[in-house]
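# Observations on the three-dimensional arrangement
Letter by letter, the chains look like this.
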Number of protein chains: 2
Amino acid sequence: MTRTYDVAVIGATGSVGEALVQLLEEREFPVATLYLLGSGESAGESLTFRGKSRRVAALEAFDFSQVRLVFFAAGAVVTRGHIEAARAAGCVVIDLSAALPAQQAPRVVADANPEQLSRLAPPYCVTSPSAQSVAVATVLAALRPHIEVQRAVITACMAVSSHGRQGVSELARQTAELLNARALEPRLFDRQIAFNLLAQVDAPDAGGHGALERRLAAELKEVLGSPQLKVSATCIQVPVFYGDSISLSLQCRDAVEVEQVCAVLRTASTLEYVEAGDYPTVVGDAVGQEVVYVGRVRGGQDDPAELNLWIASDNVRKGAASNAVQLGELLIKHYL
Amino acid sequence: MTRTYDVAVIGATGSVGEALVQLLEEREFPVATLYLLGSGESAGESLTFRGKSRRVAALEAFDFSQVRLVFFAAGAVVTRGHIEAARAAGCVVIDLSAALPAQQAPRVVADANPEQLSRLAPPYCVTSPSAQSVAVATVLAALRPHIEVQRAVITACMAVSSHGRQGVSELARQTAELLNARALEPRLFDRQIAFNLLAQVDAPDAGGHGALERRLAAELKEVLGSPQLKVSATCIQVPVFYGDSISLSLQCRDAVEVEQVCAVLRTASTLEYVEAGDYPTVVGDAVGQEVVYVGRVRGGQDDPAELNLWIASDNVRKGAASNAVQLGELLIKHYL
Ligand SMILES: NC(=O)c1ccc[n+]([C@@H]2O[C@H](COP(=O)([O-])OP(=O)(O)OC[C@H]3O[C@@H](n4cnc5c(N)ncnc54)[C@H](OP(=O)(O)O)[C@@H]3O)[C@@H](O)[C@H]2O)c1
Ligand SMILES: NC(=O)c1ccc[n+]([C@@H]2O[C@H](COP(=O)([O-])OP(=O)(O)OC[C@H]3O[C@@H](n4cnc5c(N)ncnc54)[C@H](OP(=O)(O)O)[C@@H]3O)[C@@H](O)[C@H]2O)c1
């Protein structure tokens, strides 16, 4: 008989929470009892898990000693407010909100630096990085044994679901208003997102970089174990519901053998490689999948050490939920 | 009395043609008689110029000896089919379709390399480069006296109007179908463009680069007079009607003084600089304007010689029509 664990999903009613619950079922995660938690507002709602309806409870009243493993997927404020209680109760914590510094909760991408889990000490606390970091790190990790990347220039075109359920409904609302020729008042984003691209996804700091752009650079260096890697990151908001599209230009130490790179990507189990001529997109390809799609692999026009790629990845399912569940599986398999 | 010229606009019923006619009026281009030309299909339609309705005639039957100046805005096939007749009639040709090699019709961005016009010989034939080249070259030309750029990594997010009127109606049609939950059959693009991003805008060559990506690199080198400039170009199709959004990451020879760069951009008459914190977008800012918008100017996170910028520019009005009309004005002023 396999050992089973009592598990809590905090933010179960959100986009990521719902995907977490689905994946715990689909991947046959060894759950004994599943606790679904939300804010007071959603308490009483239910979700289906293994064919049974389960009520969502209010996090405020939750007793963490009931569970062994907790997924925090309700934003950094909620994580910060409850993580001490979870740790005091001896829970294994997988945080999706990046609420804690890397020293306290290292960033781990299951398909890139799973070995980092061995450096954790009980009761175990780990961060699932941003969806964009998961996507890019998965590709770079597959290439790592073959090419030495010195600089990564990233333009991450982010879906509105990176703002959770609210982002999805705001794009739908704005689009409908515009198609019906009604005046538009943006509610969630600072301006029209329908049929428009926004140059930033959060407020820039004094250096002009957004928080997610800083995270992307820091997380990639940490996950790939390459502090010397140079990263230029631009995160933009696009009128797409689900799935991130990422334009990635790499500068490598040596001339790149594009055919060899394609062969490596084609055989990587963590990736879905799309042959030249065709290309992956979020709609129809990446969304709903648990692998990162990569295509448009090409060298430089004037630089033999350049490599360009296009990545499509489901920010909610792959970038958040799937990586978090994989981390849970690895912790259970090797350390609990 | 200013001298006036008889002018023909080929492709007058298209997106770019319509913008050309508007700008010839708004900028008080010294037009004597304006000839509007289209395919047989649109012959008989009319457009308004200086308050009067003018009929569109069929290009097939047009006698080029009636005009001094011709704007070719009907695609490369049409240009190739009629340019010899235009030149034989002694017409000055401004081509927006890139039908001719650079040796025969140099690429000129009015706000970047206007001095190249002096190298032309009568009857004068010049190419207005792609809208993306116009936008990027305008920004780089403003910076040229101050920083030496060694590499430009470009992700150009292109509006559907880069496919002309058809592109615009296809995005509108697809969006309406989806919002009404009807099954979608893509007609113009090779798949769903509504709420999706396509990784390429034309068929890639053996090296994986699309035609426009090749043009962007070649045109920038030519226009900026920097054959040694390295260019990584990725052109993607986004669900936006009008206006290109461009993520630009530069590597410079020396450390970049970001404040100085901002000061230069702020005072450039060819640009609209948007201060840090705010940022330009195509909807609401660039569309309908004759200047290139630039914002999100920031250095590197880990490289003092890196400079990142965000560009928003109206592909039809600024990138195509306005640059072409400016070229006409310069030719008239200095050479005709
Ligand atoms: N979306 C992505 O692409 C993505 C990717 C990577 C990581 N993440 C992270 O995943 C987390 C969830 O994001 P999301 O996209 O799922 O957001 P979302 O759809 O807005 O859902 C937010 C969830 O948080 C819950 N919540 C809010 N306030 C709470 C409180 N005071 N106590 C308990 N629960 C509370 C909500 O519960 P109620 O329904 O009860 O209000 C809801 O379940 C965030 O930390 C985010 O940074 C998201
Ligand atoms: N759209 C952009 O962003 C952009 C930017 C830079 C350059 N350009 C260039 O500008 C040109 C026009 O683009 P567009 O976006 O305006 O396209 P469009 O909206 O599709 O218009 C095409 C125009 O070409 C005319 N045409 C087609 N076949 C013809 C023929 N056999 N003889 C005469 N006229 C013919 C059409 O006339 P009918 O109505 O009679 O068919 C129409 O006026 C292209 O060369 C394009 O490469 C476009």
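Residues numbered from 1 in each chain as written. Chains lettered and ligands numbered in written order. Predicted model: local features only at pLDDT ≥ 70, side-chain atom pairs only at ≥ 80, totals over all residues. Heavy atoms only, no water.

### Some remarks on the site of ligand 1
Residue and element names in this part refer to chain A.
- Taken together, the neighbourhood of ligand 1 is formed by 23 residues, with T13, V16, S39, S42 and S161 sitting nearest.
- Contact between ligand 1 and G75: an oxygen atom at 2.9 Å from a main-chain N or O atom of the residue.
- Contact with the protein chains covers 75% of the free accessible surface of ligand 1, which is 900 Å².
- Secondary-structure elements contributing two or more residues to the shell around ligand 1 are helix 1 (15–26) and helix 4 (164–179).
- Class assignment of the residues belonging to the shell around ligand 1 gives a composition of 9 nonpolar, 13 polar and 1 charged. (Near = heavy atom within 4 Å. Polar contact = N/O pair within 3.5 Å; in protein donor to acceptor, adjacent residues only side chain to side chain. Areas by Shrake-Rupley, 256 points an atom, 1.4 Å probe, with all protein chains shown as cover. Helix = DSSP H or I, 4+ residues; strand = E, 2+ residues; numbered from the N terminus. Nonpolar A, V, L, I, M, F, W, Y, C, P; charged D, E, K, R; others polar.)

### Digging into the relation of the copies chain A and chain B
- Once turned by 180 degrees and shifted 0.0 Å along the axis, chain A lies on chain B with an RMSD of 0.0 Å. The two molecules are tied by a two-fold rotation axis, judged by turn and shift.
- A shared interface surface links the copies, since 100% of the contact residues of chain A are contact residues in chain B too. (Least-squares fit on C-alpha atoms with pLDDT ≥ 70 in both. Contact = heavy atoms within 4.5 Å.)

### A few points about empty space enclosed by the protein
- Applying the stated criterion across every chain, the model contains 4 cavities of 30 Å³ or more.
- One number sums up the size of the largest cavity: a volume of about 100 Å³.
- Forming the boundary of the largest cavity are 18 residues, of which V153(A), T155(A), V153(B), T155(B) and S247(B) lie nearest the centre.
- When residues of the lining of the largest cavity are traced back to their parent elements, those giving at least two are strand 8 (149–158), strand 9 (230–237) and strand 10 (244–252) of chain A together with strand 8 (149–158), strand 9 (230–237), strand 10 (244–252) and strand 13 (306–313) of chain B. (1 Å grid on protein atoms, 1.4 Å probe; cavity = no way out; pocket = protein on both sides within 12 Å on 5 of 7 lines; lining within 4 Å. Points joined across faces, edges and corners; volume = space filled by probe spheres on them.)

### Some details on the interface of chain A and chain B
- Listed per partner, the contact involves 60 residues of chain A and 60 residues of chain B.
- Counting each side, the surface lost to burial between chain A and chain B is near 5,100 Å², with a carbon and sulfur contribution of 50%.
- It is F195(A), Y279(A) and Q301(A) in chain A that bury the most area against chain B; as a group they hold 15% of the surface buried on that side.
- Among the ionic pairs, R191(A) bridges to D285(B), the shortest N-O distance being 3.7 Å.
- Looking at the side of chain A that touches chain B, the elements with two or more residues in it are strand 8, helix 4, helix 5 (211–224), strand 9, strand 10, helix 7 (282–286), strand 12 (292–299) and strand 13 (306–313) of chain A.
- Here the element with the most residues in the side of chain A that touches chain B is strand 9 of chain A; it accounts for 7 residues. (Buried area = accessible area lost by both parts, 1.4 Å probe. Salt bridge = Lys/Arg side-chain N within 4 Å of Asp/Glu carboxyl O.)

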